Amino acid sequence: VGQVVEEFWPDKGDYSRSSLNTSVSNLRKILKDTVPEGEDALQRHGMTLSLHPKMKVWSDEKLVNAALRDAADHWERGEMERATSSYARVVRLYEGPYLEGSYLDWALVRRSYFENNVVIALSRLMEQRFASHRYRESHEYAMSLLRIQPDDTRSHEVAMLSLLGLDQHQSALDHYEKYSRELLNEYGSEPSMELVRVYQMARYGFRQVSGLNAF
């Protein structure tokens, strides 16, 4: 209980305990029709509260975990189409960091777990779509990866090569120049040689996008 109070109402003194009690009371009212008559939807165990064991609970976390298990199983068996289909489901379900505003240890662990697995899903989807010459999709997955890992060289490379595959050379140049400015301003460094190579390809109008290892 103390952890909940500190997490949601830090530095509020007596007001925090009152807010917790009000919230618990409101939850009991909202959930009263979900459990057998006369039983409490929120059950107290010492200093903790839990939902009634007969209550049917749904969460998108369960769907994400199921999709991750399915994707991993198909990937290990070499069933790439089924694996990427499940990875795509993971990406669709993921809407952002798990409990982003919470810094409790267990929330940080879950946040890291989901983010790491979403990165794996996006990486495999990006590589598979690129290898299949589905450049619009590989570009979209690369950009999604860069929102999570802004300095991932591989994702920048695939994003630019995908734009070349779509004959969008100026967009590839713009991508490189924007990232170059960010690197210079934030770290005082320059893009890797892999990105310089793709930049030169874009400058001279090459559409050749082979040479990038998939998976």
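Up top you'll find the structure we're talking about.
Residues numbered from 1 in each chain as written. Predicted model: local features only at pLDDT ≥ 70, side-chain atom pairs only at ≥ 80, totals over all residues. Heavy atoms only, no water.

(A) Main features of the packing of aromatic side chains. All told, the structure shown has 6 aromatic pairs when counted by the stated rule. Measuring from centroid to centroid gives 5.1 Å for tyrosine 113 and phenylalanine 114, while their planes differ by 70 degrees, and the two rings are edge-to-face. Accessibility expressed as a relative area gives 32% for tyrosine 113, which makes it partly exposed. Three or more aromatic residues joined by ring pairs make a cluster, and in this case those are Tyr98, Trp106, Tyr113 and Phe114. The ring of tyrosine 103 is capped by arginine 111, whose NZ or CZ atom sits 5.7 Å from the centre of that ring. (Phe/Tyr/Trp six-rings, centres within 6.5 Å; stacked < 30°, edge-to-face > 60°. Buried < 20%, exposed > 50% of the residue type's maximum accessible area, 1.4 Å probe, protein only. Lys NZ or Arg CZ within 6 Å of the ring centre and 35° of its normal.)

(B) How the structure looks around the nonpolar core. Formed by 41 residues in total, the largest nonpolar core has its most connected members in Tyr87, Val90, Tyr141, Met160 and Leu164. Here the element with the most residues in this core is helix H5 (residues 105–131); it accounts for 8 residues. Ignoring sequence-local partners within four residues, the contact set of methionine 160 consists of Ala172, His175, Tyr176, Leu195, Val198 and Tyr199. (Core = buried A, V, L, I, M, F, W, Y, C linked by side-chain atoms within 4.5 Å. Helix = DSSP H or I, 4+ residues; strand = E, 2+ residues; numbered from the N terminus. Contact = heavy atoms within 4.5 Å.)

(C) Molecular detail of the layout of surface pockets. Approximately 240 Å³ is the volume attributed to the second largest pocket. Along its surface, the second largest pocket is lined by 13 residues, and Pro150, His156, Lys178, Tyr179 and Glu182 are the ones closest to its centre. Looking at the lining of the second largest pocket element by element, the count peaks at 7 residues for helix H8 (residues 169–187). In terms of residue class, the lining of the second largest pocket is built from 6 nonpolar, 2 polar and 5 charged. (1 Å grid on protein atoms, 1.4 Å probe; cavity = no way out; pocket = protein on both sides within 12 Å on 5 of 7 lines; lining within 4 Å. Points joined across faces, edges and corners; volume = space filled by probe spheres on them. Nonpolar A, V, L, I, M, F, W, Y, C, P; charged D, E, K, R; others polar.)

(D) Highlighting the environment of serine 155. Position of serine 155 relative to the elements: it lies in helix H7 (residues 153–165). Counting along the chain gives 28 residues from serine 155 to glutamate 127, while the straight-line C-alpha distance between them is 9.5 Å.

(E) Expanded view of the packing of H7 against helix H9 (residues 193–203). Between H7 and H9, the shortest axis-to-axis distance is 9 Å and the interhelical angle comes to 10 degrees. The pairing of H7 with H9 is recorded here as roughly parallel in orientation. For the pair H7 and H9, the crossing hand works out as left-handed. Only Glu194, Leu195, Arg197, Val198, Tyr199, Met201 and Ala202 of H9 make contact with H7, whose side of the interface consists of Thr153, His156, Glu157, Met160, Leu161 and Leu164. Each residue belonging to the contact of H7 with H9 can be placed in one class, and the counts come to 8 nonpolar, 2 polar and 3 charged. (Axes fitted to C-alpha atoms, helices over the stretch in contact; angles between N-to-C directions. Parallel < 35°, antiparallel > 145°, perpendicular 65-115°, else oblique. Left-handed = near helix turned anticlockwise from the far one by under 90°.)

(F) Focus on the pattern of salt bridges. The full count for this structure, using the stated rule, is 8 salt bridges. A salt bridge links glutamate 61 to arginine 110; the nearest nitrogen and oxygen atoms lie 2.7 Å apart. Here arginine 110 lies in helix H5 and glutamate 61 lies in helix H3 (residues 60–76), a separation of 49 residues in the sequence. Here arginine 154 and glutamate 127 are joined by a salt bridge, their closest N and O atoms 2.6 Å apart. Note that arginine 154 is positioned in helix H7 and glutamate 127 in helix H5, a separation of 27 residues in sequence. (Salt bridge = Lys/Arg side-chain N within 4 Å of Asp/Glu carboxyl O.)

(G) Here's a closer look at H3. The end-to-end C-alpha separation of H3 is 24 Å, in line with the 24 Å expected for 17 residues at 1.5 Å each. By the burial criterion, the buried members of H3 are Val64, Asn65, Ala67, Leu68, Ala71, His74 and Trp75. In this structure, the buried side of H3 is in contact with helix H4 (80–93) and H5. In the segment just after H3, glycine 78 is the residue with positive phi, at about 80 degrees. (Expected span 1.5 Å × (residues − 1).)

(H) Spatial organisation of the environment of tyrosine 135. In this fold, tyrosine 135 is placed in helix H6 (residues 135–148). In the structure, tyrosine 135 is positioned 24 residues away from alanine 159 in sequence and 8.7 Å away in space, judged by C-alpha atoms.

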